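Here are the chains, one letter per residue:
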Amino acid sequence: MQHSRLLPTSSDPLPPRFLSRLAGFTDLFTRPTWSNVLVLLAGVILAPGRRTVTTALRILGRDRDPDFCTFHRVLNRAAWSSRAVAGRLLLLLIAAFVPSGAPVVIGIDDTIERRWGPKISARGIYRDPVRSSKGHFVKASGLRWLSAMLLVRVPWADRIMALPFLTLLAPSKRFYTGKSRAPKTLLDWARQAALQIHRWLPDRYIVLVADSAFAAIEFLAAVRNHVCVVTRLRLDANLFAFPPQKRKGRGRPPIKGKRLKKLSAILTDPKVSWQRHRVSLWYGRTNRLVEITSGTAIWYRGGTPPVPIRWLLVRDPKGELEPQAFLATDLNARPCDILAWFVSRWQVEVTFEETRAHLGVETQRQWSDKAILRTTPALLGLFSIVTLWAHDLSKSRKLKPRTAAWYPKAFLTFSDAIAAVRREIWGHQISFMSRPSRDSVEIPRHIWRRMQNALAHAA
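The sections below set out a description of the structure shown in this document. (Residues numbered from 1 in each chain as written. Predicted model: local features only at pLDDT ≥ 70, side-chain atom pairs only at ≥ 80, totals over all residues. Heavy atoms only, no water.)

1. Details of the environment of His428
Filter applied, for reference: Under the DSSP-based scheme used, a helix requires at least four consecutive residues in state H or I and a strand at least two consecutive residues in state E, with every element numbered from the N terminus. Exposure categories follow from relative accessible area, calculated using a 1.4 Å probe and restricted to protein chains: below 20% of the type maximum is buried, above 50% is exposed, and the middle band is partly exposed.
Checked against the element boundaries, His428 lands in helix H12 (residues 414-429). Look at His428 and you get buried, because its relative accessible area is 10%.

Written as structure tokens, this is what we have:
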């Protein structure tokens with residue numbers, strides 16, 4: 001059901017400048033559902049600690065509202081498409097941060113949301129990537145999510161940030177036991193996500209950056225005609241030369257040429273020409289000097305389709321770091337761009353941590369299938385919305401990091417962004433009758449009571 005929203009009123013839970021950014025989402029909801037979405041959105045941003053529906057209602061002073069079930073229905077029953085919302089969010093972020101004609105760089109990775117409960121049907125047992133190491137394996141009970149994030153330089157943060165827009169639930173094989181459909185692997189979900197992003201952006205050059213879990217020939221062959229995939233490559237990968245264009249005699253044309261040397265052998269070849277390149281944020285150090293060399297080849301394994309790639313070798317001239325290899329499915333990609341794109345992928349892990357620390361991911365308590373499918377993607381998407389709102393605020397005033405005598409913070413982070421957005425929302429909901437020059441500010445009693453409850457019961 002499509003509808004158009006009138007001008008914002010003083011009863012809106014969000015300031016007019018924030019509502020204007022959300023105007024492109026209104027036709028995806030019915031009018032009553034959209035009003036409830038705005039309430040939940042404001043409550044989740046203002047609430048500390050857990051991000052449940054009841055916490056969002058309490059921070060907004062609606063803890064005595066008898067219609068509280070209406071807000072739960074937004075997640076577990078209302079008719080709206082989270083995929084359609086993801087597509088609109090991606091277009092909104094690109095319009096704000098990606099110049100016209102520039103590559104759209106997207107990081108993709110999976111994360112485990114630790115959850116327990118027998119009623120959560122998609123729950124599985126996975127390797128905990130945070131607590132595990134090479135010699136220590138730790139299991140975690142929870143949900144596995146595959147998230148696609150736009151990698152862009154945000155002006156107010158003066159760094160590249162990973163902004164989530166599409167998050168998909170990727171359950172384990174056990175979830176499909178007893179069901180008629182075949183199990184879908186993580187690579188199946190990644191393939192569908194890549195093709196969906198291409199349908200949203202049919203005229204843009206898309207770069208999909210992933211870690212070694214997605215360095216599979218089947219996955220690369222399925223999406224390479226639609227997106228450029230950048231990922232790691234094993235040093236012992238089977239690389240072949242391109243087949244000759246003309247072939248004598250009968251029979252099927254060859255799909256590969258002669259076998260090439262292993263990348264591990266190229267590292268020790270004195271005839272290989274290396275170029276020095278300075279890359280920023282390489283393993284936590286700014287402007288690290290590395291040596292790179294690149295080439296093209298066919299990556300092939302028996303029983304799989306051949307994939308043309310551009311490979312990239314990177315080594316540390318000081319010998320502090322192990323040599324690494326990367327690949328891009330675009331043969332015309334520049335080696336320096338391939339390295340820069342892959343380095344930016346590390347911001348995906350930062351975003352996962354920030355959403356847990358400041359947006360309450362893993363504190364939800366929904367157990368119905370539809371609510372679970374919507375809540376975590378909504379919280380991750382809220383990270384991008386808050387970043388976008390902070391970007392709008394930075395145009396009218398300078399955002400400052402939170403500092404102290406013992407903490408000289410020099411750069412803005414997401415905690416500063418959400419703090420600025422919260423101040424804007426509180427300022428909108430507080431009385432505007434006070435003059436700006438006065439030392440005292442008039443705060444309505446019901447809002448002061450809400451602030452008291454939020455501070456007194458903050459976890």
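2. A look at the pattern of salt bridges
For clarity, the cut-off: Here, a salt bridge means any side-chain nitrogen of Lys or Arg that lies within 4 Å of a carboxyl oxygen of Asp or Glu.
Overall, the coordinates contain 21 salt bridges when judged by the stated rule. Residues Glu218 and Arg301 are paired through a salt bridge, measuring 3.1 Å at the closest nitrogen-oxygen approach. On the criterion of sequence distance, the pair formed by Glu218 in helix H7 (residues 217-223) and Arg301 in the loop between strand E9 (288-299) and strand E10 (307-315) is long-range, its members being 83 residues apart. With a relative accessible area of 40%, Glu218 lands in the partly exposed category. A network of salt bridges, in which partner residues are shared, links Arg114, Asp128, Arg356 and Glu362.

3. Description of the layout of surface pockets
Our working definition: Put plainly, a pocket is an open set of points on a 1 Å grid over the protein atoms alone with protein on both sides within 12 Å along at least five of seven lines, a cavity is a set where a 1.4 Å probe fits but cannot get out, and a lining residue has an atom within 4 Å of a point. Grid points are joined across faces, edges and corners, and a volume is the space filled by probe spheres set on the points. Residues were grouped as follows: Ala, Val, Leu, Ile, Met, Phe, Trp, Tyr, Cys and Pro as nonpolar; Asp, Glu, Lys and Arg as charged; and all remaining residues, including Gly, as polar.
Roughly 1100 Å³ of volume is contained in the largest pocket. Lining the largest pocket are 46 residues, and of these Trp80, Ser82, Arg374, Pro377 and Ala378 lie nearest its centre. When residues of the lining of the largest pocket are traced back to their parent elements, those giving at least two are helix H2 (31-46), helix H3 (53-59), helix H4 (68-76), helix H5 (82-97), strand E4 (159-169) and helix H11 (369-396). Among the elements that line the lining of the largest pocket, the one with the most residues is H11, at 12 residues. Tallied by class, residues from the lining of the largest pocket come to 33 nonpolar, seven polar and six charged.

4. Re a nonpolar patch on the surface
Applied cut-off: Only residues above 30% relative accessible area that lack a salt bridge enter a patch, with like-charged residues linked at up to 9 Å and the nonpolar side chains Val, Leu, Ile, Met, Phe, Trp and Tyr linked at up to 5 Å. Here the open area of atoms and residues is found with the Shrake-Rupley method and a 1.4 Å probe, where only the protein chains shown may cover a residue.
Judged by side-chain polarity, Val441, Ile443 and Trp448 come together as a nonpolar surface patch covering roughly 290 Å² of accessible area. Among the structural elements, Val441 can be located in the loop between H12 and helix H13 (445-456). Its relative accessible area of 54% is what places Val441 among the exposed residues.

5. Describing empty space enclosed by the protein
Using the criterion set out here, one finds three cavities of 30 Å³ or more in the structure. In this structure, the largest cavity spans a volume of roughly 50 Å³. Surrounding the largest cavity, Thr111, Glu113, Trp145, Phe352, Thr355, Arg356, Val361, Thr376 and Leu380 form its lining. Looking at the lining of the largest cavity, the elements with two or more residues in it are strand E1 (104-114), helix H10 (347-358) and H11. Of all the elements, H10 adds the most residues to the lining of the largest cavity, at three residues. Of all the secondary-structure elements, those providing two or more residues to the lining of the second largest cavity are E4 and H10. Top element by residues in the lining of the second largest cavity is H10. It accounts for four residues. Its residues assigned to classes, the lining of the second largest cavity shows five nonpolar, two polar and two charged.

6. Some thoughts on the state of the cysteines
The criterion, for reference: Disulfides are defined in this document as cysteine sulfur pairs within 2.5 Å.
In total, this model carries zero disulfides according to the counting rule given. Here Cys336 is not cross-linked by a disulfide; its sulfur's nearest cysteine counterpart is in Cys228, at 13 Å.

7. With respect to H5
Rule in force here: Here, expected helix span is obtained from the residue count minus one, scaled by 1.5 Å. Only heavy atoms matter for contacts: two residues are in contact if any of them lie within 4.5 Å across the pair. Within 3.5 Å is the distance limit for a polar contact, defined as a pair of N or O atoms, with the added protein rule that one can donate a hydrogen and the other accept it, and that residues adjacent in sequence qualify only through two side-chain atoms.
Compared with an ideal rise of 1.5 Å per residue, which puts 16 residues at 22 Å, H5 spans 22 Å between its outermost C-alpha atoms and is within 8% of the ideal. Of the residues making up H5, those classed as buried are Val85, Ala86, Gly87, Leu89, Leu90, Leu92, Leu93, Ile94 and Phe97. Contacts from the buried residues of H5 go to helix H1 (16-21), E1, strand E3 (139-154), E4, helix H6 (186-200) and H11. Between a side-chain oxygen at the N-terminus of H5 and the backbone nitrogen of Arg83 the separation is 3.4 Å; the capping residue is Ser81.

8. As for the packing of H5 against H11
Helices that pack against each other are described as a pair by the angle of their axes relative to one another and the distance between those axes. Put simply, the test is: Interaxial angle, 0 to 180 degrees, is taken between N-to-C directions of lines fitted to C-alpha atoms, where a helix line uses only the stretch in contact. Small angles under 35 degrees read as roughly parallel and large ones over 145 as roughly antiparallel, with 65 to 115 read as roughly perpendicular and the rest as oblique. Crossing handedness follows the turn of the near helix against the far one: under a right angle anticlockwise gives a left-handed crossing, and clockwise gives a right-handed one.
Between H5 and H11, the shortest axis-to-axis distance is 11 Å and the interhelical angle comes to 30°. One way to sum up the angle between H5 and H11 is to call them roughly parallel. Where H5 crosses over H11, the two elements pack in a sense that is left-handed. Contact residues: Leu89, Leu92, Leu93, Ala96 and Phe97 in H5; Gly381, Ser384, Ile385, Thr387, Leu388 and His391 in H11. Of the residues that constitute the contact of H5 with H11, the class distribution is seven nonpolar, four polar and no charged.

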